[in-house]
Amino acid sequence: MGNWIENEGLSIFVILVWLGLNVFLFIWFYGVYNNGEEFFYTRKLLGFALPLARAPAACLNFNCMLILLPVCRNLLSFLRGSSACCSTRIRRQLDRNLTFHKLVAWMIALHTAIHTIAHLFNVEWCVNARVNNSDVYSIALSNLGDNPGESYLNFARRRIKNPEGGLYVAVTLLAGITGIVITLCLILIITSSTKTIRRSYFEVFWYTHHLFVIFFIGLAIHGAERIVRGQTAASRLEHNYKVCADNISQWGKIPDCPIPQFSGNPPMTWKWIVGPMFLYLCERLVRFWRSQQKVVITKVVTHPFKTIELQMKKKGFKMEVGQYIFVKCPKVSSLEWHPFTLTSAPEEDFFSIHIRIVGDWTEGLFNACGCDKQEFQDAWKLPKIAVDGPFGTASEDVFSYEVVMLVGAGIGVTPFASILKSVWYKYCNNATNLRLKKANHFAVHHDEEKDVITGLKQKTLYGRPNWDNEFKTIASQHPNTRIGVFLCGPEALAETLSKQCISNSESGPRGVHFIFNKENF
């Protein structure tokens, strides 16, 4: 159980807290709008759709507050590198930032669907009541605001029958226009984020994801018109709905039941999202500043299986093992940034990345670097490169263990090239503070006959290992040891290794414990 908690428990705990807060907000705000005295007459007009629209709206505010935080890479790297406020377990949770980002996105989609469907009912019923196609009570409430000194409750002010009336509300009210825009943005962002689109059409994913700017602007002003209205506090002192609700025909005619006055709820969404938006703005400014710093390509190496290596230098660049950078080549695309793991060691006087040519952008970079030509390429002809980073990953913790197991799938071997090089340099320099004593072996899980990364002297085992045998062998060789298992590879392999780490770890505080870590960027 202890190792299960160490491998999975913190993530489960965070998810449960997050889900719990969503449930709490939904129930709380559902109760506010379903039971609140100020919304008694609003409920008479809108029925169950009122709380069913407002409860998910509160959850949307909460999740839209969270959605940007996992992609603030500089903030996460700062927290990751701060041992004072970030323990090993918390750092491992930060490594799951994109997983949490996706979960929050799906929660936003769910609450958007509920919110939208509920408001479709609201619009239909308000329009029907405005054209006298409803019950007498709703019609009377909808007529409020037509005379001087009255305030309206029904946001549909024009008398146009459905479906034209509903369309008119959708395209003339700010809430309707922004609602349509942000929903379309959300649909495009989510549908273009599928694994197939990201791998085969990365540019589509990249550009549509930047619709988040329009999404957040629309979200911030969505409630500015205050169309969800309730009875004012001053009006409730003069007009008690418990006394007057059944005497609607006498409103304004008897002293105890003056015509009730209504006002809209002040917009609240901006208060939820202004903080994360400011942090993300700072994040983008830092990225822009760093991208303007000069980067020099010192060497381009062509490797087998359409893989190239870029060796670069940048003033003040400092890295740790297993970190990654974002790269932009303006000659290929002036907007696109792509992540690549650093394959050089911190001890080297340059930093390098290995790039497998698998798409339009990598093909363009391949050609821009002259790799499609047979003759030698002069350095001054090499394209300009912008670099943002480096950013932290799970592999940074590799030196926190005495024994580690490194597993790479295909081009996923690249983080471990940096680790193995650094280990070699440290041992050559007789590093006395190096905790790592043993890399059992470096297993590459792919179907090629050679490494995609050449020059590594560490023995490589090709093909699909027998994981049961591997873990049992390592456990028997290293009793009473915490063993770090590091993977850069697909989700299916991650699930397999995670289960192996749990099943092959002993339950007590002593004994062998496998700790699973996965690259995620």
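Conventions used here
- Residues numbered from 1 in each chain as written.
- Predicted model: local features only at pLDDT ≥ 70, side-chain atom pairs only at ≥ 80, totals over all residues.
- Heavy atoms only, no water.
- UniProt positions renumbered as here; feature names shortened; annotations may be inferred.
- Helix = DSSP H or I, 4+ residues; strand = E, 2+ residues; numbered from the N terminus.
- Buried < 20%, exposed > 50% of the residue type's maximum accessible area, 1.4 Å probe, protein only.
- Contact = heavy atoms within 4.5 Å.
- Areas by Shrake-Rupley, 256 points an atom, 1.4 Å probe, with all protein chains shown as cover.
- Axes fitted to C-alpha atoms, helices over the stretch in contact; angles between N-to-C directions.
- Parallel < 35°, antiparallel > 145°, perpendicular 65-115°, else oblique.
- Nonpolar A, V, L, I, M, F, W, Y, C, P; charged D, E, K, R; others polar.
- Disulfide = S-S within 2.5 Å.
- Pairing = 2+ DSSP bridges.
- Right-handed = clockwise from strand over helix to strand, strands pointing away.
- 1 Å grid on protein atoms, 1.4 Å probe; cavity = no way out; pocket = protein on both sides within 12 Å on 5 of 7 lines; lining within 4 Å.
- Points joined across faces, edges and corners; volume = space filled by probe spheres on them.
- Left-handed = near helix turned anticlockwise from the far one by under 90°.

In the annotation of an unreviewed UniProt entry, the chain is listed under the name NADPH oxidase 2 and assigned to Canis lupus familiaris. Quoted straight from UniProt, the Cofactor (unreviewed entry) entry for the chain says "FAD". Looking at the Catalytic activity (unreviewed entry) heading of the UniProt record, one finds this comment for the chain: "NADPH + 2 O2 = 2 superoxide + NADP(+) + H(+)".

Undergrad: What am I meant to see in the overall build of the chain here?
TA: Assigned secondary structure in the chain consists of 19 helices and 13 strands. Burial analysis of the chain (521 residues in total) assigns 49% to the buried set. A separation of at least 24 residues holds for 73% of the contacts in the chain among residues at least 6 apart in sequence. Working note: accessible area of the chain is about 26,100 Å², and carbon and sulfur atoms make up 61% of it.

Undergrad: What's the story with the packing of helix α8 (residues 164–172) against helix α9 (residues 174–191) in this structure? I'm lost.
TA: How two helices sit against one another is set out by the angle between their axes and by the gap between those axes. Running from amino to carboxyl end, α8 crosses α9 at an angle of 80°, the nearest separation of the two axes being 4 Å. In terms of axis orientation, α8 runs roughly perpendicular to α9. Side by side, α8 and α9 meet where A170, V171 and T172 of the first sit next to L174, G176, I177 and I180 of the second. Residues of the contact of α8 with α9, tallied by class, amount to five nonpolar, two polar and no charged.

Undergrad: Explain the side chain of T112 to me, please; I cannot follow it from the model alone.
TA: You can see T112 is positioned in helix α6 (residues 97–130). Residue contacts for T112: discarding those within four places in its chain leaves L60, T183 and L186.

Undergrad: Whenever I open this one, the state of the cysteines confuses me. Can you help?
TA: Put plainly, a disulfide is one covalent bond tying together the sulfur atoms of two cysteines. With the rule as written, the count across this model stands at one disulfide. Two residues, C244 and C257, share a disulfide whose sulfurs are 2.1 Å apart. Residues C244 and C257 are joined by a disulfide whose S-S torsion is about -95°; by sign, that bridge is left-handed. One end of the pair, C244, is in helix α14 (residues 241–244); the other, C257, is in the loop between α14 and β2 (262–264), and 13 residues separate them in sequence. Overall, the relative accessible area of 0% leaves C244 in the buried class.

Undergrad: How should the sheet that holds strand β7 (residues 351–356) be read in this particular structure?
TA: Strand-to-strand pairing in sheets goes through backbone hydrogen bonds, with the strands running parallel or antiparallel. Ordered in space as β3-β4-β7, the three strands form an open sheet in which the pairing is antiparallel. Since the sheet does not close on itself, it has two edges, and those belong to β3 (295–303) and β7, each with one partner. Taken over all neighbouring pairs, the strand axes of this sheet differ in orientation by 20° on average, direction set aside. Of the pairings in the sheet, the one linking strand β4 (residues 307–314) to β7 comprises six bridges and is antiparallel in character. Residue pairing for β7: Q311 is matched across the bridge by S352.

Undergrad: Help me understand the sheet that holds strand β8 (residues 386–391) in this model?
TA: Read from one edge to the other, the open sheet built from three strands follows the order β6-β5-β8, with strand pairing classed as antiparallel. Either end of the sheet is taken by a strand with one partner, and the two such strands are β6 (338–341) and β8. On average, adjacent strands in this sheet sit at an angle of 25° to one another, irrespective of strand direction. Note that strand β5 (residues 324–328) and β6 share four bridges and pair antiparallel. Looking across to β6, one finds that F326 is bridged to P339.

Undergrad: Whenever I open this one, unusual backbone geometry confuses me. Can you help?
TA: Backbone phi values are negative for most residues with the exception of glycine, while trans is the configuration of most peptide bonds. Of the consecutive residues N162 and P163, the connecting peptide bond is found in the cis state with omega at 5°. By the secondary structure assignment, P163 is in the loop between α7 (136–143) and α8. G389 connects to P390 through a cis peptide bond whose omega is 10°. Examined against the element boundaries, P390 turns out to sit in strand β8. The backbone phi angle of R226 is positive, close to 60°, even though this residue is not glycine. Of note, R226 is situated in the loop between α12 (212–221) and β1 (229–231). A residue is classified by how much of its surface remains accessible, and R226, at 38% relative accessible area, is partly exposed.

Undergrad: Sorry, what's going on with the pairing of strand β12 (residues 482–488) here?
TA: Every regular strand shows the same layout, with side chains that alternate between the two sheet faces. In terms of residue burial, β12 counts as a mostly covered element, since six of its seven residues are buried. Pairing of β12 with strand β13 (residues 513–518), which is carried by six bridges, proceeds in the parallel orientation. In the sheet register, I483 faces β13, and the bridge partner there is F514. Read as a crossover between parallel neighbours, the route from β12 over helix α19 (residues 491–503) to β13 is right-handed.

Undergrad: Please explain the layout of surface pockets as it appears in this structure.
TA: The gaps left among the atoms become clear once a water-sized probe is rolled over them. Reported here for the second largest pocket is a volume of approximately 1,200 Å³. Those elements giving two or more residues to the lining of the second largest pocket turn out to be α1 (2–35), α3 (49–66), α6, α8, α9, α12 and α15 (269–291).

Undergrad: Where do I start with the UniProt feature "transmembrane region" (unreviewed entry) in the chain in this structure?
TA: The sites that carry the UniProt feature "transmembrane region" (unreviewed entry) are, in the present numbering, residues 12–33, 167–192 and 204–221. Spanning residues 12–33, this segment combines 100% helix with 0% strand, and its end C-alpha atoms are found 32 Å apart. The span residues 204–221 is 89% helical and 0% strand by assignment, and the distance between its end C-alpha atoms comes to 27 Å.

Undergrad: Even after reading the chapter, I still don't get the packing of α12 against α15, so can you show me in this structure?
TA: Look at α12 against α15: their axes get within 10 Å of each other, and the N-to-C directions meet at 150°. Considering their axes alone, α12 and α15 lie roughly antiparallel with respect to each other. Of the two possible hands of crossing, α12 and α15 adopt the one that is left-handed. Residues F212, F216, L219 and A220 of α12 touch α15, and the partners they reach there are T269, W270, I273, M277, Y280 and R284. Grouping the constituent residues of the contact of α12 with α15 by class yields eight nonpolar, one polar and one charged.

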